[in-house]
Amino acid sequence: MTAAPARHIRARGGLHGALHRSKAFRGYALLSPALVVLFVGVVVPFLILLMMSFWTRQGFDFDTTMTTLNYARAVDEPIFGTFLLRSFWVSGIATVATVLLCYPMAYYVAFHVHRNKMLWIILITLPFWTSYLLRVFAWRVILGYEGVINASLLSMGFIEKPLAFLLYSQTAVIITLAHAWAAFAILPLYVSLEKIDRSLLEAAADLGDGPVRRFLRVTLPLSLPGVIAATFLIFIPTTGDYITPALLGGPDGAMIGNLIQLQFGAVNNWPMGAALSIILTLWIAAIALVFVFLTRRAERVVA
Amino acid sequence: MTSSNPIISIQSVGKSYGSFRAIKEISLDIEHGEFFSLLGASGCGKTTLLRMLAGFEDVTDGAVLIDGEDMTGVPPFLRPVNMVFQSYAIFPHLNVTDNIGYGLRKQKLPKAQRQEMIDEMLSLVQLDGYGARRANQLSGGQRQRIALARALIMKPKVLLLDEPLGALDKHLREQMQLELRRLQQALGITFVFVTHDQEEALTLSDRIAVMSGGAVLQVDTPAGLYEHPRTREVASFIGHMNFLEARVTGRKNGHATLDVAGLGTLDVPANGAALSTGDRTSIAVRPEKLRLHHSAPENGQRAVQGALKMTTYLGERSHFHVEVPGCDRPLAVSASNATLQDGRANAIGQPVWLTWAADSLIMMNDT
C-alpha cells in the first residue's frame, strides 16, 4: 500500500521528479525569485562598484587600469575622514535618540494595550505613509527661522530673537532623522516586546523582583533582538543619507552621503565616489559587528 | 480546620471580573506542612484562587492571610510564597544556574555561598552537572525540575504549583508525582497544588478541595472524598459512581430511611445531609463495592436480582453492566478477575444477583 505511491514518484523523471525528490532543491526553487532579485539588484551592482573603485577618472572618461589611488586619497585627505566621522556621529546620535524614544511607545502598545493593537501600530506609523521628502520639508517649516517653534517661543516671550541653531545645523539633521526613521524602530521593538512570555515577568515578580529590576533583568534582555534590529535598520541607512543633510544640514551638517553624491554628480569622479561607498560599507560592517559583540556581552552582565 | 495557626487562611474570599463572579466567597484553612490540592475542571476558579495566593490577582472581597499576615495589597515580590508555573516560565536568556539563582541575586550573598546553594538545589532535583545548559537544551521534565528548584531555593513558606505536571507524558508524570511527594516530605514545606486530574490529586494530597463554578464543594482527605462524597458533583468527579434515585421516608439521629429505586427501603447514615422526610435525593455506590453473584445468596443477605447486559474484560478487572428492575440506568459493577467465580459470568442476559456492604451506600446531600 505505502510502497506504490513512492515508486510512482521515483519513476517520474526530469525537473518534476527532482522537485519531488530533493528537499534542498525544492527550497532553492522556492527561493529563486528572491535570489535572482538579490543577485541582479545587489551583488552585481556591488561588484561593479567595487571594480570601478579601482579605476580612475580621465577627463570625461574612465581609466580602467587597476589602482588603489582612490583609497590612498581617501586616507590621505582629511576631508573624507572628517565627513565620515561626522556621519557616524550624527546618525549614531539619531539612532540612539530614535530607539530611546520609540522603546516606550512600543512597550506601551505591547504591554498596556489589550484591544486593537494593530490599530495602534497603524496609527503610530501613519505619519510614515507620506513621502520622506515631504517629512523633511515639514521639519523645515517647524524648525525654520520663522518656523513653528521659533514663532511660538517668541510669542510666549521665552526668547527675544529666533533661535538660529535650529535649522541648517547638525541638530536639525538629528531631529529630522530621528523622526523620519521612527517607524523602523517601533515595529521591531514592538514585535520583540510582544513576543515576551508574560509568565516570565510573573516568575520574576514571584522571585522577588520589583518592576524596575523586572524590566532590567527580563524585559530588556529579551527585547534586545528588537533593539539590535532597530539600531541597524536606522544606523545603516541614515549614515549614508544625503537628502536630510542637504536640505537641513547647512554648512556643518553635510555628511559622507553628500560627498559621495557630489562625486557622482557635480565633481563627476565616479571612481572616487565608488571608493568612498566601499569604505563606508566596510566601516558600517565593522561597527555593526562590534555592536553585536558588545550587546551580547552586556546581556550576560545584566542578567 | 480547627487549628489556631494555619499557614494560609482564606477568609470569605471572592473575585469578580465585572459582573462575572470567578470566585464565590471561599473560606479555607491550609495547615503547616500540608500537601493541599485544588481539584476541579478547567474554568472552576482553581487557578484564579492560586494566583490570588501568589498575589497576581487581587482579591475583590475578603482577605488572604499567610502565616497570620494579611496579604491584601502586598505585591507578589514581597510575599513569602513561590510559584511553579504551568508553562514553567524558565528564563530563556539564562542558563540553568542563573535560572535557579535568579531570586538569590537580591540577597547579596557571597558568590561561593550562592553557588553552593544552587548546587545543592541541582542535586535535590537530580540535575547535577546541568548548570551550564541553556533553557532550550532541556526536556520538559528537566524544565519542570528547574522551575521547582528555582522556587524552592527561596525557602518559601508555601510553594504554589499550577498544574505543573500537565505538559508531561504519562510515564514522566508518574515519576514526577513520586518526586514531588518525596520533596514535599523531605522539606516539610506546605504545597498548594492545582490540578484537574483527580487521580493525581488522590495520589499526592493530604487534603483536597474540590472546586466547581468558583466555589469549594468539599474539602477532605483523599479517602474521605472517595468514600464519603457529599454531593453528586463531587461523587461523579472522583472515580466512577452509580447513582440511584431515592426519597427520604424517615430520619433518626444520624441515619435516614430511604426508599431507593430498584433496591427498596434502606437505612443509611445521613452523611451530613440536611434533608427531611419527603425530600428527593440519591444514593451513590461505587462499582467495586457491589458484589456479583450467579445464584441467589443463601445466607439471607439482602440482594437484588438483575440481568447481565454487558461485560468488559480489562485484564486485571472486569466491568459488568447489570439491569435492575426499577433503576433507569444499568448499574456498573467492577470486580477483580482474581475473585470471579468462573467464566459463566460472561453470558449476556443471564440472571445475576447483586449484594453490597451496608456502609457502601452513600447518601447524597442533593438530588
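Visitor: Sorry, what's going on with a negative patch on the surface here?
Guide: On the surface, Glu116(B), Asp119(B), Glu120(B) and Asp128(B) cluster together into a negatively charged patch. By secondary structure assignment, the location of Asp128(B) is in the loop between helix H3 (111–124) and helix H4 (140–152).

Visitor: Explanation requested: the interface of chain A and chain B in the structure shown.
Guide: A common way to state how big an interface is: give the accessible area lost once the parts meet. Counting from both sides, the interface comprises 24 residues of chain A and, opposite them, 23 residues of chain B. Between chain A and chain B the total buried area reaches about 2000 Å² when both faces are included, carbon and sulfur atoms providing 57% of it. Counting the surface chain A buries against chain B, the share from its top three residues, Asp206(A), Leu207(A) and Arg217(A), is 34%. Counting across the interface, chain A meets chain B through 1 salt bridge. The residue Glu202(A) makes a salt bridge to Arg51(B) at a minimum N-O spacing of 2.6 Å. On the surface where chain A and chain B come into contact, there are 9 residue pairs in polar contact (both at pLDDT 80 or more). Contributing elements (two or more residues each) for the side of chain A that touches chain B: helix H11 (198–206), helix H12 (211–239) and helix H15 (270–302) of chain A. Split by residue class, the side of chain A that touches chain B holds 12 nonpolar, 3 polar and 9 charged.

Visitor: Is there a simple way to think about the sheet that holds strand E6 (residues 81–84) of chain B in this case?
Guide: Strand pairing in a sheet relies on backbone hydrogen bonds. The paired strands run either parallel or antiparallel. All names here are of chain B. Pairing is mixed across the open sheet formed by 6 strands, whose spatial order is E6-E7-E8-E3-E9-E10. Unpaired on one side and paired on the other, E6 and strand E10 (215–220) mark the two borders of the sheet. Here the average twist between neighbouring strands, direction ignored, is 20°. Two strands pair when backbone bridges link them, and strand E3 (residues 35–39) and strand E9 (residues 207–212) are joined in this way by 4 bridges, in the parallel orientation. Across the sheet, residue Leu39 finds its bridge partner in E9, namely Val210.

Visitor: Would you mind going over the domain arrangement of chain A with me for this structure?
Guide: The domain architecture assigned to chain A consists of domain 1 (1–44) and domain 2 (78–302). Look at where the C-alpha atoms of domain 1 of chain A and domain 2 of chain A centre, and you get two points 41 Å apart.

Visitor: How do you make sense of the layout of surface pockets when you look at a structure like this?
Guide: To locate leftover empty space, one rolls a probe as large as a water molecule over the atoms. Residue and element names in this part refer to chain A. Considering only enclosed or pocket space, the largest pocket measures out at about 440 Å³ in volume. Contributing elements (two or more residues each) for the lining of the largest pocket: helix H5 (78–112), H11 and H12. Residues belonging to the lining of the largest pocket are distributed by class as follows: 10 nonpolar, 3 polar and 4 charged.

Visitor: Even after reading the chapter, I still don't get the side chain of Thr176(A), so can you show me in this structure?
Guide: With respect to the helices and strands, the residue Thr176(A) is situated in helix H9 (residues 170–180). Residues contacting Thr176(A), with those up to four places away along its chain left out, are Val136(A), Trp139(A), Leu143(A), Thr244(A) and Leu248(A).

Visitor: What am I meant to see in unusual backbone geometry here?
Guide: Residues other than glycine predominantly adopt negative phi, and peptide bonds predominantly adopt the trans conformation. Residue and element names in this part refer to chain B. Phi angles above zero are rare outside glycine, and Ala89 is one such case at about 50°. One can find Ala89 in the loop between E6 and helix H2 (96–100). Ala89 gets classed as buried once you look at its relative accessible area, which sits at 3%. A positive phi angle, close to 60°, is found at Gln126, a residue other than glycine. Mapped onto the elements of the fold, Gln126 is located in the loop between H3 and H4.

Conventions and cut-offs
Residues numbered from 1 in each chain as written. Chains lettered and ligands numbered in written order. Predicted model: local features only at pLDDT ≥ 70, side-chain atom pairs only at ≥ 80, totals over all residues. Heavy atoms only, no water. Patch = residues over 30% accessible without salt bridge, like charges linked within 9 Å, V, L, I, M, F, W, Y side chains within 5 Å. Areas by Shrake-Rupley, 256 points an atom, 1.4 Å probe, with all protein chains shown as cover. Salt bridge = Lys/Arg side-chain N within 4 Å of Asp/Glu carboxyl O. Lys, Arg positive; Asp, Glu negative; His and termini not counted. Charge placed at Lys NZ, Arg CZ, Asp CG, Glu CD. Helix = DSSP H or I, 4+ residues; strand = E, 2+ residues; numbered from the N terminus. Contact = heavy atoms within 4.5 Å. Buried area = accessible area lost by both parts, 1.4 Å probe. Polar contact = N/O pair within 3.5 Å; in protein donor to acceptor, adjacent residues only side chain to side chain. Nonpolar A, V, L, I, M, F, W, Y, C, P; charged D, E, K, R; others polar. Pairing = 2+ DSSP bridges. Axes fitted to C-alpha atoms, helices over the stretch in contact; angles between N-to-C directions. Domains from an automatic or database assignment. 1 Å grid on protein atoms, 1.4 Å probe; cavity = no way out; pocket = protein on both sides within 12 Å on 5 of 7 lines; lining within 4 Å. Points joined across faces, edges and corners; volume = space filled by probe spheres on them. Buried < 20%, exposed > 50% of the residue type's maximum accessible area, 1.4 Å probe, protein only.

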